[in-house]
Every structure is written in C-alpha cells, then in structure tokens.
Amino acid sequence: MSLSSTEVQDSGAREGAGILESRLTGLGREEFARDVWARTASLTRGASDFSDVFSPSAVDELISRRGLRTPFLRVAKDGATLPSSSFTAPAGVGATVADQLDDTALWRAFADGATLVLQALHRTWEPVADLVSGLSTELGHPVQANAYVTPPQNRGFDAHYDVHDVFVLQIEGAKRWVIHEPVLPDPLRDQPWTDHRAAVADRAAHGTPHLDTMLRPGDVLYLPRGWLHSAQAQGQVSIHLTLGVHAWTRYALAEHLTRAALAALGKDSSMRRSLPLAGPEGPGGADGTDGVLDLVRERLLAAVAEADPAPLFHRARRSQARPAPLGPVAQLAALSSLATTSPVRLRKALEPRLEGTRLFTRVGYLDFPEADLLPVARLLDGRVRTAGDLGLALAGRLLRAGVLVPADR
C-alpha cells in the first residue's frame with residue numbers, strides 16, 4: 001500500500017461539505033470511502049484550524065477546574081500506565097469523592113515526563129462532543145474522542161495497534177509518528193495488540209516504516225484499525241486529539257444475524273425437544289445416524305436465510321452512543337410554556353426506529369395509538385415542526401419523555 005497524502009489549501013469550512021471534507025481529509029465522503037476507509041493510512045497537511053475544538057487552555061481547565069474523576073484521565077510514562085491512586089485524591093469539604101483528579105500530582109507527573117490522556121472528551125468538552133456527534137452521523141459508525149498531552153521529548157505508549165480506526169488531529173506542538181502496516185489486518189474488538197505483542201514488537205523494531213513523519217498543528221492522520229503506530233513529542237508540549245471510530249464489521253452483522261436466527265428457532269417447538277439419551281458415543285451415536293445433527297443444521301441454515309437482523313442491529317447501534325445533551329430546567333420551561341406555535345424537533349442522535357406502533361430510541365421506547373403514528377413518523381426526518389402540527393398532547397408527551405426538544409436547542 002502507498003500512503004495517501006493530501007494538502008488542503010483552504011483550511012476553513014467549505015460550504016455544504018461534511019466534516020470529512022471540511023475539517024479532516026479534504027475528501028468528500030464517497031471519495032474517502034472508495035480510496036481510504038479501512039484500506040490505508042492517510043495524511044492530510046493543514047486540514048483545519050482546530051483551535052475552536054480543543055486547546056492547551058482546555059486541558060488546564062479540564063484538569064484543574066472540572067472535578068473530573070477516573071477513568072476520564074489516564075497517565076502513561078515509558079510505555080506503562082500509572083496507577084490512578086498516584087494522581088487522584090478527595091476534593092475537600094462537600095466533594096469528598098476519593099478519585100477526583102489531583103492537579104498538583106498531575107503537574108508533578110507531567111513535569112517528570114508523563115503523558116496525560118483525557119478520555120471520553122465527547123462527554124466532557126462540548127466542542128469535541130459536537131465534532132464527534134457530527135462525524136458519527138456522517139460515517140454511520142460510533143465515534144469517541146481522547147486527548148493526549150505529552151511533554152517535550154517524551155512518549156506515552158510503545159508501538160501498538162488499536163481495534164478501532166482513528167483520526168489523529170494535531171492541536172499543539174509537533175509529534176513524530178512512526179507507522180507500520182498491520183501484523184493482524186482488521187482486528188476485532190476482542191483481538192487486542194497484546195495478543196500479538198511479540199509480532200508487534202518485531203515489526204516495529206525491524207520492519208520498514210510505512211510512514212515516518214512529523215505532525216504539526218492542523219495536520220490530520222487517519223489510520224485503519226490494526227495499523228501499528230508509536231509517537232514521540234519533539235521540543236515542546238504536544239497535544240493531539242484521537243477520534244476513535246468503532247467500525248461495525250461483517251463479523252458483527254453475522255453475530256446479529258445468528259442471534260435473530262436463534263431467536264426464531266426458540267419459537268419452534270420441534271427445536272426445543274431434548275436430544276436422545278446419550279450412549280457411549282454421545283447423543284445420536286458416533287455417526288449421527290438418528291439424523292438430529294442434519295436436521296438442526298438444516299433448520300439453522302433456513303432460519304439464518306430468513307432472519308431479519310435489523311432490530312437487533314439497531315438496538316446495538318443505540319447502545320453505542322448517547323443522545324444530544326438535555327437540560328432539565330430548559331426542558332421543563334419548554335413543557336410549561338408549550339403552545340400550538342411552539343417550534344419543536346426530534347432530539348439529535350436518538351437513533352430512532354419506528355417498528356409498528358412502537359418508537360425505539362436511545363432513551364427507551366414509546367407505544368402510540370394509530371392516530372399518532374403519522375405525525376410521529378414525520379418527526380423522524382429531523383425537521384422543525386410546531387406543537388400544533390403534532391397536537392399539543394402528543395408534543396407534550398414527547399417533551400416529557402425527552403424525545404422532543406425546543407427547536408432552538
């Protein structure tokens with residue numbers, strides 16, 4: 001494979017372009033899917049100015065003022081992760097939770113060369129949450145975000161691979177990245193690099209790098225899952241964001257297809273029957289002459305052929321992320337002042353799915369009478385409606401359930 005490299009001349013957002021094109025790769029979604037996605041490393045120089053997304057001051061605020069707890073932060077040094085007890089402490093009167101971040105201990109560890117890893121920033125820093133939510137919608141795969149803050153001339157982790165794709169966004173400073181091709185292409189989530197530690201170390205030590213480059217602010221590096229990488233800060237503090245894309249795979253689809261088939265077989269009384277009593281050779285004898293195995297195989301294949309994995313698959317998708325934030329005070333104000341002219345819309349990132357008379361979302365499910373199904377179905381396009389369009393009773397019910405929100409939020 002050859003490295004895909006792009007130079008973006010205009011780093012500002014392009015009108016009408018998605019996040020991939022306007023901020024990360026300079027490539028439209030179709031071009032990225034055809035030439036890069038899950039295929040090869042891709043480096044985009046000057047992709048965007050990310051100062052609106054994350055910054056050194058954001059790091060300081062999160063660590064010193066937000067009262068974060070583990071596991072929202074990890075600390076690593078010389079390839080090893082430090083115990084959380086070395087950088088957490090109670091926070092004093094009224095906030096005596098014992099595992100809050102200790103900014104003094106973290107400063108001392110950082111000054112001594114440790115890398116600070118702010119985890120799940122899509123939960124704690126709004127600009128990152130907005131970027132992640134938009135990218136997840138655009139890709140159709142769950143996305144999460146971590147930030148890596150590394151002092152000069154230090155590294156956080158040894159060469160390794162991830163079981164998810166990553167976009168590396170360089171925020172501050174410069175960091176040298178060394179990339180090698182996979183020892184295990186397209187690893188699944190239960191196939192971590194530690195299972196192939198010796199092969200990874202050998203490839204990193206003796207293999208020819210696919211890429212050895214310096215990332216500077218505004219650069220973006222895309223790595224498919226399984227690609228080996230290590231990074232080292234240069235002469236100043238390095239901060240980069242890693243957007244982890246937890247790609248749905250064919251294997252995952254096969255899992256859901258199999259579960260759907262087994263659920264169908266569970267409703268078949270003939271498949272619930274006991275096996276014959278076991279002789280010395282096991283049920284059915286050594287040669288399976290009773291035909292049970294052939295029967296089960298035939299019924300299983302037929303069930304797989306007829307199974308619809310969509311409900312299970314969508315349920316799994318809903319469980320992989322959270323809906324857009326919801327403020328209880330603002331939501332109550334909207335409910336209290338609801339009128340026929342009140343603009344409302346479906347809450348973002350709900351992953352809604354209407355099955356018959358039941359609406360499934362990330363905040364639970366609701367059943368509706370036939371008369372409400374048409375307005376509910378119209379809501380799923382995400383457009384702004386008025387409460388009068390839906391009917392005040394239905395709009396109020398959906399606001400109370402956290403499914404509907406005022407259109408200005």
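All figures in this text were calculated on a predicted structure; none of them were measured in a lab.

Draft legend 1. Fine view of the layout of surface pockets. Each pocket or cavity is described by its volume, and for the largest pocket that value is around 1200 Å³. Along the wall of the largest pocket there are 40 residues; nearest its centre are S133, R322, P323, A324 and A349. Those elements giving two or more residues to the lining of the largest pocket turn out to be α5 (121-124), α6 (126-139), β8 (143-150) and α11 (328-336). With 7 residues, α6 is the largest single contributor of residues to the lining of the largest pocket. Each residue belonging to the lining of the largest pocket can be placed in one class, and the counts come to 17 nonpolar, 12 polar and 11 charged.

Draft legend 2. Inspection of the nonpolar core at higher detail. Ranked by internal contacts, the top residues of the largest apolar core, which has 48 residues, are F54, L118, L121, F167 and L169. Setting aside residues up to four positions removed in sequence, L121 forms contacts with F54, L62, V128, A129, A145, N146, A147 and L241. Membership of the second largest hydrophobic core comes to 18 residues, among which are V344, L373, L390 and A395.

Draft legend 3. Quick peek at the environment of V132. The residue V132 is located in helix α6 in this model. Separated by 13 residues in sequence, V132 and A145 place their C-alpha atoms 7.2 Å apart. Excluding residues within four positions of it along the chain, V132 makes contact with H122, V143, Q144, A145 and L243.

Draft legend 4. Geometry of helix α3 (residues 56-64). Taken residue by residue, α3 has A58, V59, L62 and I63 as its buried positions. Take α3 and look down its axis: the buried residues cluster within an arc of 125 degrees, on one side only. For α3, exposure combined with an orientation more than 90 degrees from the buried face picks out S57 and D60.

Draft legend 5. Looking closely at the sheet that holds strand β18 (residues 364-367). A sheet is described by the order of its strands in space; here 3 strands give the open sequence β16-β17-β18, paired in antiparallel fashion. Of all strands in the sheet, those with a lone pairing partner are β16 (353-355) and β18, marking the two edges. The average angle at which neighbouring strand axes cross in this sheet is 20 degrees, direction not considered. The sheet contact formed by strand β17 (residues 358-361) and β18 spans 4 bridges and is antiparallel. If you follow T361 over to β18, its bridge partner there is G364. Of the strands in this sheet, β16 and β17 touch helix α10 (residues 310-319), which is tilted by about 150 degrees from β16.

Draft legend 6. Structural context of the packing of aromatic side chains. Applying the stated criterion across every chain, the model contains 7 aromatic pairs. Centroid distance F32 to W37: 6.4 Å. Interplanar angle 50 degrees. Geometry classified as tilted. Each residue in the set F32, W37, F167 and Y222 is aromatic and connected to the rest through ring pairs, giving one cluster. Residue placement shows R189 over the ring face of W248; its charged tip is 5.7 Å from the ring centre.

Draft legend 7. Spotlight on the environment of S55. Here S55 lies in the loop between β2 (42-45) and α3. A relative accessible area of 18% means that S55 is categorised as buried. Between the C-alpha atom of S55 and that of I239, which follows or precedes it by 184 residues, the distance is 7.9 Å. The residues contacting S55, other than those within four sequence positions of it, are I171 and I239.

Draft legend 8. Expanded view of the pattern of salt bridges. Tallied over the entire structure, the rule returns 13 salt bridges. Note that E355 is salt-bridged to R353, the shortest N-O span being 2.7 Å. Judged by relative accessible area, E355 falls into the partly exposed class, the value being 27%. A residue is classified by how much of its surface remains accessible, and R353, at 22% relative accessible area, is partly exposed.

Draft legend 9. Representation of the pairing of strand β3 (residues 73-77) within the structure. Direction of pairing for β3 relative to strand β7 (residues 115-118): antiparallel, over a ladder of 4 bridges. The residue bridging A76 from the neighbouring strand is T115, located in β7. Across 2 bridges, β3 lies against strand β4 (residues 80-81) in antiparallel orientation. Residue pairing for β4: K77 is matched across the bridge by A80. Between β3 and β4, which pair antiparallel one after the other, the connecting turn spans 2 residues, and D78 there sits at a positive phi close to 55 degrees.

Cut-offs and rules
- As a convention, each chain's residues are numbered from 1 in the sequence order in which they are written.
- In keeping with the model being predicted, local features are shown solely for residues with a pLDDT of at least 70 and side-chain atom pairs are shown and tallied solely at 80 or more, while totals for entire chains, interfaces and linings include all residues.
- Where side-chain values are given, they derive from all heavy atoms of the structure, hydrogens and water being excluded.
- The method works on a 1 Å grid over the protein atoms by themselves. A cavity is a set of points holding a 1.4 Å probe that cannot get out, a pocket is an open set with protein on both sides within 12 Å along at least five of seven lines, and residues with an atom within 4 Å of a point line them.
- Grid points are joined across faces, edges and corners, and a volume is the space filled by probe spheres set on the points.
- In this text, helices come from DSSP runs of H or I with a minimum length of four residues, and strands from runs of E with a minimum of two, each type numbered from the N-terminal end.
- Just so you know the grouping, Ala, Val, Leu, Ile, Met, Phe, Trp, Tyr, Cys and Pro go in nonpolar, Asp, Glu, Lys and Arg go in charged, and all remaining residues, Gly too, go in polar.
- For the purposes of this section, nonpolar cores are sets of buried Ala, Val, Leu, Ile, Met, Phe, Trp, Tyr and Cys residues that join through side-chain atoms within 4.5 Å.
- Burial classes: relative accessible area under 20% of the type maximum marks a residue as buried, over 50% as exposed, and values in between as partly exposed (1.4 Å probe, protein chains only).
- Residue contacts are defined here by distance: any two heavy atoms, one from each residue, within 4.5 Å place the two residues in contact.
- In this context, the arc is that of the directions from the helix axis out to the C-beta atoms.
- One bridge is not enough; two strands pair if DSSP finds at least two bridges between them.
- Working convention: axes come from line fits to C-alpha atoms, limited for helices to the stretch in contact. Angles between N-to-C directions cover 0 to 180 degrees.
- Two rings from Phe, Tyr or Trp (for Trp, the six-membered ring) form a pair when their centres sit within 6.5 Å of each other. Planes less than 30 degrees apart are called stacked, planes more than 60 degrees apart edge-to-face, and all others tilted.
- The rule for a charge over a ring is simple: NZ of Lys or CZ of Arg within 6 Å of the ring centre, and within 35 degrees of the ring normal.
- Definition used for salt bridges: Asp or Glu carboxyl oxygen within 4 Å of a side-chain nitrogen of Lys or Arg.

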